[in-house]
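Chains, contacts and geometry: an overview
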Amino acid sequence: MEWKGRRESENVEDGRGERTRGGTGGAGGGGIGLLMTIGKMFGFKGVLAALLVGGVLWKMGIVDPSMLLGGPPTVTREQIQVSPEEEERFNFVKVVLADTEDTWTKEFARHDKKYQPPVLKVYRGQVNTGCGMGSASAGPFYCPADQNVYIDLSFYDELAETFNAPGDFAQGYVVAHEVGHHVQKLLGYSDKVAAMRARPDYNQYSVRLELQADFYAGVWAHHNKEYLERGDIEEAMRAANAIGDDAIQKKMQGKIVPHAFTHGTSQQRMRWFNKGLVSGKIEDGDTFSMPYEQL
Ligand SMILES: [Zn+2]
C-alpha cells in the first residue's frame, strides 16, 4: 500500500509513555464490590460491621481507605524509547485513519449525515478506557463508551508472526475494521445489538455486527483503491482469515471488546470484506436482514 507522504490524521493520541496503575476497572470492583458482597451475604448489619472494622483498621493505619474504595487508576507518564520501525508503524496508522476519515465523511455525506471521526489511541501494555482496562493481549479494539479505537502497535508483530498475516495492508485492514465498529456506533447498530445481550441468540447478532465491520473495512479499501499495490487484497484477506473467531478469540479477555464474542468464520469474514471492496457503499452492508445461514 502506498502511504508515505500522504495525509496523517490528527485524531491520534500517543499514549505510549503512559503507565496505568491501580484502579478498579469499573463499577463493582474494589472495596465497593466487597461491601456489596458482604451486604448480600450478611445484610445491612454485615456492611455496617465491615465499615466499622475498616474504620478501625484505617485509624490504626493498617488500611488506606483509597485502597478499599479503589478509585480511578493513576496514570504516570514516562519517556519512552521508540525504534524507527515503531515510528514508521505509528505514522502508518495515522495515514490509515486519515483514509477512513475521508471515506466515511464522503459516505455519510451521501446520506446527508455528518461523520464524527473516532480518536485512535496508541498505547503500550495496558490502557484505561471508558469500557474498563484494556490490554495489548486483546488486540486492537473499539470502545463504544468513549468512541476511541485502541491499538498497541506490538499487535502487528503478532499479526505477522502468530497469525502469519504480515504486510501493511493487513495492518490497515485491522484499523479499518475497528473504525467500522465506530461507524456502527454512529449508525445505531452497536446499541441495537448491545440491547440484545440477554437473548439466547445474542451471539448471532454479534457475528452480524462483526461481519458488517468487515464490510466497512472493505468500503475503506474500495475508496482507497488508487493506493493499493499488488498483493494488498490478498494480504487483507489473509488477515481476515487469520483473525477469524477461533484464532483471535482465545486472546480476548473480559467484557470490554465485542471481540470477546465470535466474529464469524474466516470465510464469512473474507466474503463480507470483499463485498465492501466491490460495492464501496454503506447501504450495501446490511448483515442484519438476511437469514443467519446465508451470511
Ligand atoms: Zn470487530
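This section reports on the structure supplied with the text. (Residues numbered from 1 in each chain as written. Predicted model: local features only at pLDDT ≥ 70, side-chain atom pairs only at ≥ 80, totals over all residues. Heavy atoms only, no water.)

Time to look at the overall build of the protein. Looking only at helices and strands, the protein has 10 helices and eight strands in total. Looking at the protein as a whole, 46% of its 295 residues are labelled buried. Within the protein, residue pairs in contact and separated by at least 24 positions form 77% of the contacts whose partners lie at least 6 positions apart. Total accessible area on the protein is roughly 14600 Å²; 54% of this is exposed by carbon and sulfur atoms. (Helix = DSSP H or I, 4+ residues; strand = E, 2+ residues; numbered from the N terminus. Buried < 20%, exposed > 50% of the residue type's maximum accessible area, 1.4 Å probe, protein only. Contact = heavy atoms within 4.5 Å. Areas by Shrake-Rupley, 256 points an atom, 1.4 Å probe, with all protein chains shown as cover.)

Among the secondary structure elements, K275 is positioned in helix α10 (residues 266–279). A sequence separation of 10 residues divides K275 from G285, and the C-alpha atoms of the two residues are 8.0 Å apart.

Pairing in this open sheet of four strands is mixed, and the strands run β1-β4-β8-β7 from one edge to the other. Each having just a single partner strand, β1 (12–15) and β7 (141–143) make up the two edges of the open sheet. Adjacent strand axes in the sheet meet at a mean angle of 25 degrees, parallel and antiparallel pairs treated alike. Of the strand pairs in this sheet, β7 and strand β8 (residues 148–152) are connected by three bridges, and their pairing is antiparallel. Residue pairing for β8: Y142 is matched across the bridge by V149. Sheet contacts for helix α5 (residues 168–187): β7 and β8; angle to β7, the most-contacted strand, approximately 20 degrees. (Pairing = 2+ DSSP bridges. Axes fitted to C-alpha atoms, helices over the stretch in contact; angles between N-to-C directions.)

Attention now moves to the pattern of salt bridges. Scanning the model with the defined rule gives 19 salt bridges in all. Here R16 and E86 are joined by a salt bridge, their closest N and O atoms 3.0 Å apart. Highlighted residues: R16 in the loop between β1 and β2 (18–21) and E86 in helix α3 (residues 84–110), separated in sequence by 70 residues. Residue E86 is classed as buried on the basis of its relative accessible area of 15%. The residue R199 makes a salt bridge to D201 at a minimum N-O spacing of 3.0 Å. The class for D201 is partly exposed, based on a relative accessible area of 24%. Connected through shared salt-bridge partners, D14, R16, E86, E87 and R124 make up one network. (Salt bridge = Lys/Arg side-chain N within 4 Å of Asp/Glu carboxyl O.)

Glancing now at the pairing of β2. Only one face of β2 is covered, namely the one carrying E18 and T20; the face carrying R19 and R21 has none of its residues buried. Pairing of β2 with strand β3 (residues 74–77) involves four bridges; the strand directions are antiparallel. Bridging from a neighbouring strand, T20 pairs with V75 of β3.

The next point concerns unusual backbone geometry. In this structure, D112 takes a positive phi of about 55 degrees despite not being glycine. Positionally, D112 belongs in the loop between α3 and β4 (119–123). Although it is not a glycine, Q147 adopts a positive phi angle of roughly 55 degrees. Judged by relative accessible area, Q147 falls into the partly exposed class, the value being 28%.

Here we take up the packing of α5 against helix α7 (residues 202–223). As a packed pair, α5 and α7 sit with axes 7 Å apart at the nearest point and diverge in direction by 120 degrees. Where α5 crosses over α7, the handedness of that crossing is right-handed. Mapping the contact onto sequence places F169, G172, Y173, A176, H177, G180, H181, V183, Q184 and L187 in α5 and L209, E210, Q212, A213, D214, Y216, A217, W220 and A221 in α7. Residue classes in the contact of α5 with α7 are distributed as 11 nonpolar, six polar and two charged. (Left-handed = near helix turned anticlockwise from the far one by under 90°. Nonpolar A, V, L, I, M, F, W, Y, C, P; charged D, E, K, R; others polar.)

The subject of this paragraph is the packing of aromatic side chains. Applying the stated criterion to the full structure yields 12 aromatic pairs. For the pair F141 and Y150, a centre-to-centre distance of 5.1 Å together with 20 degrees between the ring planes defines the contact as stacked. A residue is classified by how much of its surface remains accessible, and F141, at 0% relative accessible area, is buried. Above the plane of the ring of Y227 lies R6, whose end atom (NZ or CZ) is 3.3 Å from the centre. Over the aromatic face of F90 sits the side chain of R16, whose NZ or CZ is 4.2 Å from the ring centroid. (Phe/Tyr/Trp six-rings, centres within 6.5 Å; stacked < 30°, edge-to-face > 60°. Lys NZ or Arg CZ within 6 Å of the ring centre and 35° of its normal.)

Next up on the list: the nonpolar core. W104, L120, Y156, L159, Y173 and F273 are the most contacted members of the largest nonpolar core, which has 49 residues in total. For this core, the secondary structure elements donating two or more residues are α3, β4, β8, α4 (155–161), α5, α7, α8 (232–242) and α10. With sequence-adjacent residues up to four places away left out, F273 is seen in contact with F169, Y173, D214, F215, A217, G218, A221, A236 and M237. (Core = buried A, V, L, I, M, F, W, Y, C linked by side-chain atoms within 4.5 Å.)

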